[in-house]
Amino acid sequence: MGSPAVVVKDLYVKYAVSVEWILKGLSLNVNRGEMLILMGPSGCGKSTLLYVIAGLIPWVVPGEVDGEVSVEGLNVTDLGYSKLAGVVGIVYQNPEMQVITRSVKEELAMVPENLGLPKDEVVSRVEWVADALDLHRYLDRDPQSLSGGEKQLIAIASVLTMKPRVLLLDEPTSMLDHKGTSLVLEVVSQLKREHGLTIIAAEHRVEWAVEVADRIAVMHEGRIVLIGEPQDVFSRVDEIEKYGVRPPGVSEVVYCLRRKSIEIPVPVRLKEAVEVFRL
Ligand SMILES: Nc1ncnc2c1ncn2[C@@H]1O[C@H](COP(=O)(O)OP(=O)(O)OP(=O)(O)O)[C@@H](O)[C@H]1O
Ligand SMILES: [Mg+2]
């Protein structure tokens, strides 16, 4: 798989107003073409980690960063977000932070235009994302008139038009309905397959996370305390609960059975649960 797409080494981060470090000696490698999902209780530092990888702290959001962060071989902490345009795309937790133009069409064209791409390439990227996420009916709408979930979908679409090499998604599905979530997953999987897109996403929805993640990293108080394939992470029942992460519903059922000394393997995904319960 070659060198990792994202390397984080012994990272300490605090905001200008913070008293203590928010990230405390965090290290992480993410391989090219991998989808890593960050989980952990509110305030453990998931968004902060994504902001640093995107080159936003300390360049846009004042703060202090110590340690090493590189993306596709670029030293993020030295270069800052502006030098990462076209390499790293971030979708914020709150889509209001992102949607700024007067029409959805303009919103989708903005990123490729800012990258200086030729007009026909801009048009073709807007068409591509509108097809992929079923957005044609919104193209002439004012983004401010959209619902929360619709805004979130547009925010994701506008970053996808960048076709970044590393995509950072902060709670991408928190406001999306089932159809929106599936469409986002489809297009992200396609980019991963065809272009080796690397994805790091913070996500609370565990059932979604286990279906899509290659690996899951559990964060607690500014550090990664568990990392591995979904199956490995969610087999460690006691540890997960200690760190405040809820396991998938199908795993929880099996944990309860195991406490009654019924020894069956722990499933994490629906299709594995079907196999386990068929016996
Ligand atoms: N701009 C900021 N200025 C100061 N402190 C901040 C800022 N943003 C976040 N923090 C603090 O940093 C810590 C980590 O916050 P962060 O947003 O990274 O958590 P999170 O894991 O993303 O939580 P959630 O699941 O609720 O989104 C929290 O204690 C938070 O209060
Ligand atoms: Mg967050």
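Residues numbered from 1 in each chain as written. Chains lettered and ligands numbered in written order. Predicted model: local features only at pLDDT ≥ 70, side-chain atom pairs only at ≥ 80, totals over all residues. Heavy atoms only, no water.

1. So, the site of ligand 1
Move 1: The full set close to ligand 1 counts 14 residues, and Ser42, Gly43, Lys46, Ser47 and Thr48 are the nearest of them.
Move 2: Between ligand 1 and lysine 46, the relevant distance is 2.7 Å, taken from an oxygen atom to a side-chain nitrogen or oxygen of the residue.
Move 3: Between ligand 1 and the protein, one listed contact pairs an oxygen atom with a side-chain N or O atom of threonine 48 at 2.5 Å.
Move 4: Here ligand 1 loses 65% of its free accessible area of 630 Å² to cover by the protein chains. (Near = heavy atom within 4 Å. Polar contact = N/O pair within 3.5 Å; in protein donor to acceptor, adjacent residues only side chain to side chain. Areas by Shrake-Rupley, 256 points an atom, 1.4 Å probe, with all protein chains shown as cover.)

2. Points about the environment of arginine 223
Move 1: If you trace the backbone, arginine 223 turns up in strand S10 (residues 223-228).
Move 2: Residue class for arginine 223 comes out partly exposed when judged on its relative accessible area of 42%.
Move 3: Not counting residues up to four positions away in its chain, the partners in contact with arginine 223 are Lys24, Leu26 and Val218.
Move 4: Among the polar contacts made by the side chain of arginine 223, one reaches the main-chain carbonyl oxygen of lysine 24 at a distance of 3.1 Å. (Helix = DSSP H or I, 4+ residues; strand = E, 2+ residues; numbered from the N terminus. Buried < 20%, exposed > 50% of the residue type's maximum accessible area, 1.4 Å probe, protein only. Contact = heavy atoms within 4.5 Å.)

3. A short note on the coordination of the magnesium ion (ligand 2)
Move 1: Distances from the magnesium ion (ligand 2) to its protein donors, Ser47 (OG) and Gln93 (OE1), fall within 2.0 to 2.4 Å. With serine 47 in helix H1 (residues 46-53) and glutamine 93 in the loop between strand S6 (88-91) and helix H3 (104-114), the pair connects residues that are 46 residues apart, well separated along the chain. (Donors = N, O, S within 2.8 Å, 3.2 Å for Na, K, Ca; no water.)

4. Looking at the domain arrangement of the protein
Move 1: Under the domain assignment, the protein is made up of domain 1 (6-235) and domain 2 (248-279).
Move 2: Taking only C-alpha atoms, the centre of domain 1 and the centre of domain 2 are 32 Å apart.
Move 3: Listed per partner, the contact involves 9 residues of domain 1 and 8 residues of domain 2.
Move 4: Interface area for domain 1 against domain 2, summed over the two sides, is near 710 Å², with a carbon-plus-sulfur share of 49%. (Domains from an automatic or database assignment. Buried area = accessible area lost by both parts, 1.4 Å probe.)

5. With respect to the environment of tyrosine 15
Move 1: Considering the arrangement of structural elements, one finds tyrosine 15 in strand S1 (residues 6-15).
Move 2: Between the C-alpha atoms of tyrosine 15 and valine 87, which are 72 residues apart in sequence, the distance is 24 Å.
Move 3: A polar contact is formed between the side chain of tyrosine 15 and the side chain of threonine 48, at a distance of 2.7 Å.

6. Some points on the packing of aromatic side chains
Move 1: One pass over the structure, following the stated rule, counts 2 aromatic pairs.
Move 2: Aromatic pair tyrosine 12 and tryptophan 21: ring centres 5.6 Å apart, planes at 75 degrees, arrangement edge-to-face.
Move 3: The exposure class of tyrosine 12 is partly exposed, given its relative accessible area of 28%.
Move 4: Classification of tryptophan 21 by relative accessible area gives partly exposed; the value is 26%.
Move 5: Over the face of the ring belonging to tryptophan 21 we find lysine 14, whose NZ or CZ atom lies 4.7 Å from the ring centre.
Move 6: The ring centre of tryptophan 128 lies 4.5 Å from the NZ or CZ of lysine 163, which sits over that ring. (Phe/Tyr/Trp six-rings, centres within 6.5 Å; stacked < 30°, edge-to-face > 60°. Lys NZ or Arg CZ within 6 Å of the ring centre and 35° of its normal.)

7. Digging into the pairing of strand S3 (residues 35-39)
Move 1: The element S3 is extensively covered by neighbouring structure, given that 5 of its 5 residues are classed as buried.
Move 2: Where S3 lies against strand S9 (residues 215-220), 4 bridges are found, and the strand directions are parallel. Residue pairing for S9: isoleucine 37 is matched across the bridge by isoleucine 216. (Pairing = 2+ DSSP bridges.)

8. Points about the pattern of salt bridges
Move 1: Applying the stated criterion across every chain yields a total of 16 salt bridges.
Move 2: A salt bridge links glutamate 34 to arginine 215; the nearest nitrogen and oxygen atoms lie 2.5 Å apart. Here the residue glutamate 34 occupies a position in the loop between strand S2 (23-30) and S3, and arginine 215 occupies one in strand S9, the gap between them amounting to 181 residues.
Move 3: Across the pair lysine 192 and aspartate 214 runs a salt bridge, and its minimum N-O distance is 3.1 Å. Linking lysine 192 in helix H6 (residues 178-195) with aspartate 214 in the loop between helix H7 (206-212) and S9, this pair joins segments that are 22 residues apart in sequence.
Move 4: Overlapping salt bridges, with partners in common, bring together Arg32, Glu72 and Arg165 in one network. (Salt bridge = Lys/Arg side-chain N within 4 Å of Asp/Glu carboxyl O.)

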